[in-house]
Amino acid sequence: MRLLFPCDPFNKSAVDENYIDEWHAAAAIGVACSLFSFEDFEDGVFRPRPALAAGETIVYRGWMLRPGRYAALVDACAAQGAKSLTSAAQYRHCHYLPEWYAVCAGATPETVFTARDADFVAAVAGKDWPAYFVKDYVKSLSSTRGSVADTPQDIASVVDLIEQYRGEIEGGVCIRRYEQLLHDTEERYFVWHGRAHGRDGSVPALVAAVAARIDSPFFSIDVVSSATGQLRLIELGDGQVSDRKHWPAARFLAMLAQD
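The paragraphs below set out a description of the structure included in this document. Predicted model, so just to flag it, every value in this text is computed and none were measured.

1. Description of the overall build of the protein
Logical step 1: Counting its regular elements, the protein contains nine helices and 13 strands.
Logical step 2: Against the compact-globule benchmark of 18 Å for 259 residues, the protein has a radius of gyration of 19 Å, which places it among compact chains.
Logical step 3: With respect to the principal axes defined by its C-alpha atoms, the protein has extents near 55 × 40 × 30 Å.
Logical step 4: Sorting the 259 residues of the protein into buried and exposed places 49% on the buried side.
Logical step 5: Taking the contacts inside the protein whose residues are at least 6 apart along the sequence as the reference set, 68% of them involve residues at least 24 apart.
Logical step 6: About 12000 Å² of surface is accessible on the protein, with carbon and sulfur atoms providing 49% of the total.
Logical step 7: For the protein, the distance from the average position of its 25 positive side-chain charges to the average position of its 34 negative side-chain charges is 4 Å.

Here's what the structure looks like:
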């Protein structure tokens, strides 16, 4: 296995500062790493340093990519004889909420999916929900306004703000049933080759159950407790582009070093 990190935009021989802890943790346990220029890759040039070796398995560890760009990275690695651990289809499956929702529907808030230009009021007609949590296929609104619409008529304004702050609506619109969640209880778990891992070594039953339903070798699971004490799944993500949150770099790399 070889980890592939983005380099510093101004110094191609140094890892991007956001991944420096992981770079050093990998070196400490002998995990091979390469750097590539994300900016060059966006311009059609892919030149990892050290070069990828034929037959190596590559794990990307860097910035979030749209599924099409991740597919291009998989192809770029394949052109050098290396194989990406996570396929383009597996990346999309964990990156876009509608892709994984069907197999996790009972564990996560009920959700309606629409196009950007849909009639949002009509889309949630008949839903007796206390409020509506609005996001695109990947992200919600992180400004102080937040992503909650109190009424169906308010949904459009939240969508407009997401588009304004993010520059686009990626994929489409997700309208989720609002649930009372205790956000200070949120925890991120990682699944590596089918096994769920927690930063403290423990894994709730819900996380283990979700891990068994998802076809991907490396992904993250975010859960949070509801006001009634029930554990709820709020997000999945491809592990290669998921932030460690509270995970120490050494613990994270020790997980990746396991077969």
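Still more to cover.
2. Notes on the side chain of glutamate 22
Logical step 1: One can find glutamate 22 in helix α1 (residues 20-28).
Logical step 2: With sequence-adjacent residues up to four places away left out, glutamate 22 is seen in contact with Phe5, Arg61, Arg244, Ala249, Phe252 and Leu253.

3. Side note on the packing of helix α4 (residues 88-95) against helix α5 (residues 97-104)
Logical step 1: Following both chains from N to C, one finds α4 and α5 inclined at 75°, their axes separated by 5 Å at the closest point. Put simply, α4 runs roughly perpendicular to α5. Along the contact surface, α4 presents Arg92, His93, Cys94 and His95, while α5 presents Leu97, Glu99 and Trp100.
Logical step 2: Looking at the contact of α4 with α5 residue by residue, the classes come out as three nonpolar, two polar and two charged.

4. Describing helix α7 (residues 155-166)
Side chains of residues three or four places apart in an α-helix project in the same direction, reflecting 3.6 residues per turn.
Logical step 1: Taking 1.5 Å per residue, 12 residues should reach 16 Å; α7 reaches 17 Å between its end C-alpha atoms and fits that length.
Logical step 2: Within α7 the residues assigned to the buried category are Ile155, Val158, Val159 and Ile162. All buried residues of α7 project into a common sector of 100° when viewed along the axis, lining one side.
Logical step 3: If you follow the buried residues of α7, they end up packed against α6 (120-123), β7 (132-136), β8 (148-149) and β9 (173-177).
Logical step 4: A positive backbone phi angle near 90° is found at glycine 167, which sits one or two residues after α7.

5. Comments concerning the layout of surface pockets
Logical step 1: Its volume calculated, the largest pocket comes out at about 1200 Å³.
Logical step 2: Contributing to the lining of the largest pocket are 45 residues, with Val138, Lys139, Arg188, Asp222 and Glu235 lying nearest its centre.
Logical step 3: Of all the secondary structure elements, the ones that give two or more residues to the lining of the largest pocket are β7, α7, β9, β10 (181-192), β12 (218-226) and β13 (231-238).
Logical step 4: Ranked by residue count, the leading element in the lining of the largest pocket is β13, at five residues.
Logical step 5: Of the residues in the lining of the largest pocket, the class split is 15 nonpolar, 11 polar and 19 charged.

6. With respect to the packing of aromatic side chains
Logical step 1: Evaluation of the coordinates by the stated rule reveals 17 aromatic pairs.
Logical step 2: Between tyrosine 70 and tyrosine 91, the aromatic rings sit 4.3 Å apart at their centres with planes inclined by 10°, giving stacked as the arrangement. Here tyrosine 70, found in helix α3 (residues 67-79), pairs with tyrosine 91, found in helix α4; they are 21 residues apart in sequence, far enough to count as distant.
Logical step 3: According to the relative accessible area criterion, tyrosine 70 is buried, its value standing at 1%.
Logical step 4: Geometrically, the ring pair formed by phenylalanine 218 and phenylalanine 252 is tilted, given 6.3 Å between the ring centres and 40° between the ring planes.

Conventions adopted
Residues numbered from 1 in each chain as written. Predicted model: local features only at pLDDT ≥ 70, side-chain atom pairs only at ≥ 80, totals over all residues. Heavy atoms only, no water. Helix = DSSP H or I, 4+ residues; strand = E, 2+ residues; numbered from the N terminus. Rg over C-alpha atoms; globule rule 2.2 N^0.38 Å. Buried < 20%, exposed > 50% of the residue type's maximum accessible area, 1.4 Å probe, protein only. Contact = heavy atoms within 4.5 Å. Areas by Shrake-Rupley, 256 points an atom, 1.4 Å probe, with all protein chains shown as cover. Lys, Arg positive; Asp, Glu negative; His and termini not counted. Charge placed at Lys NZ, Arg CZ, Asp CG, Glu CD. Axes fitted to C-alpha atoms, helices over the stretch in contact; angles between N-to-C directions. Parallel < 35°, antiparallel > 145°, perpendicular 65-115°, else oblique. Nonpolar A, V, L, I, M, F, W, Y, C, P; charged D, E, K, R; others polar. Expected span 1.5 Å × (residues − 1). Arc of directions from axis to C-beta. 1 Å grid on protein atoms, 1.4 Å probe; cavity = no way out; pocket = protein on both sides within 12 Å on 5 of 7 lines; lining within 4 Å. Points joined across faces, edges and corners; volume = space filled by probe spheres on them. Phe/Tyr/Trp six-rings, centres within 6.5 Å; stacked < 30°, edge-to-face > 60°.

Remember that the coordinates give geometry; whether it matters functionally is a separate question.
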